[in-house]
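# Residue-level structural notes
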Amino acid sequence: MADHGIARDQLRAFIERIERLEEEKKAIQDDIKEVYAEAKGSGFDTKVMRQIVRIRKQDRNERAEQEAILDLYMHALGMVFDAPEGYAEADAAE
């Protein structure tokens, strides 16, 4: 019988830890939402900002591979146009 009490106490401790972490996660999500709202109020495009955050999480090689595939697909669909003159040179200078 005592073993069940120990397991019950351990289970309760795990559940309570998870609940506390869920509360912290919610608070952090609310903070992130506020930052995006502030950025939007300053004129930034939050949709693009979210893309940048997602991209920055990726490994450099993974990102390069996805960009190459995206470029290939866009060319195949005729969605890529020639860059304006001088654009490639300015891009290379960065």
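Okay, so let's go over this structure. Quantities reported herein were computed from a predicted structural model and do not represent experimental measurements.

## Description of the overall build of the chain
What the chain contains, in helices and strands, is four helices and zero strands. Starting at the N terminus, the α and β elements of the chain follow one another as α-α-α-α. Accessible surface computed for the chain: about 9,100 Å², of which carbon and sulfur atoms make up 56%.

## With respect to helix α3 (residues 60-76)
Over its 17 residues, α3 extends 24 Å from the first C-alpha to the last, a length consistent with the 24 Å expected when each residue adds 1.5 Å. N-cap assignment for α3: the residue whose side-chain oxygen lies 3.0 Å from the backbone N of Asn61 is Asp59. Following α3 by one or two positions, Gly78 has its phi on the positive side, about 70°.

## Notes on a negative patch on the surface
Together, Glu16, Glu19, Glu23 and Glu24 give the surface a local cluster of negative charge. Locating Glu23 in the fold gives a position in helix α1 (residues 2-41). The exposed category is assigned to Glu23, whose relative accessible area is 57%.

## Here's the deal with a nonpolar patch on the surface
A cluster of nonpolar residues, Leu11, Ile15 and Ile18, forms a patch on the protein surface that exposes about 270 Å² of accessible area. Considering the arrangement of structural elements, one finds Leu11 in helix α1.

## What about the pattern of salt bridges?
A full pass over the atoms with the stated rule returns three salt bridges. With a closest N to O distance of 3.4 Å, Glu22 and Lys25 form a salt bridge. Taken together, the residues Glu22 and Lys25, both in helix α1 and three residues apart, mark about one turn of the helix. Taking relative accessible area as the criterion, Glu22 reaches 41% and is therefore assigned partly exposed. Note that Asp30 is salt-bridged to Lys26, the shortest N-O span being 2.8 Å.

## Considering helix α2 (residues 46-57)
Helix length check: α2, at twelve residues, gives a terminal C-alpha distance of 17 Å against a target of 16 Å (1.5 Å per residue), a fit within 8%. A side-chain oxygen of the first residue of α2 lies 3.0 Å from the backbone nitrogen of Lys47; this N-cap is Asp45.

## Quick look at the side chain of Gln58
Relative to the helices and strands, Gln58 is located in the loop between α2 and α3. At 2.8 Å, the side chain of Gln58 and the side chain of Gln66 are in polar contact. Setting aside its immediate chain neighbours within four residues, Gln58 contacts Arg63 and Gln66.

Rules used in this analysis
- Residues numbered from 1 in each chain as written.
- Predicted model: local features only at pLDDT ≥ 70, side-chain atom pairs only at ≥ 80, totals over all residues.
- Heavy atoms only, no water.
- Helix = DSSP H or I, 4+ residues; strand = E, 2+ residues; numbered from the N terminus.
- Areas by Shrake-Rupley, 256 points an atom, 1.4 Å probe, with all protein chains shown as cover.
- Expected span 1.5 Å × (residues − 1).
- Polar contact = N/O pair within 3.5 Å; in protein donor to acceptor, adjacent residues only side chain to side chain.
- Patch = residues over 30% accessible without salt bridge, like charges linked within 9 Å, V, L, I, M, F, W, Y side chains within 5 Å.
- Salt bridge = Lys/Arg side-chain N within 4 Å of Asp/Glu carboxyl O.
- Lys, Arg positive; Asp, Glu negative; His and termini not counted.
- Charge placed at Lys NZ, Arg CZ, Asp CG, Glu CD.
- Buried < 20%, exposed > 50% of the residue type's maximum accessible area, 1.4 Å probe, protein only.
- Contact = heavy atoms within 4.5 Å.

Read these as geometric descriptors, not functional statements.
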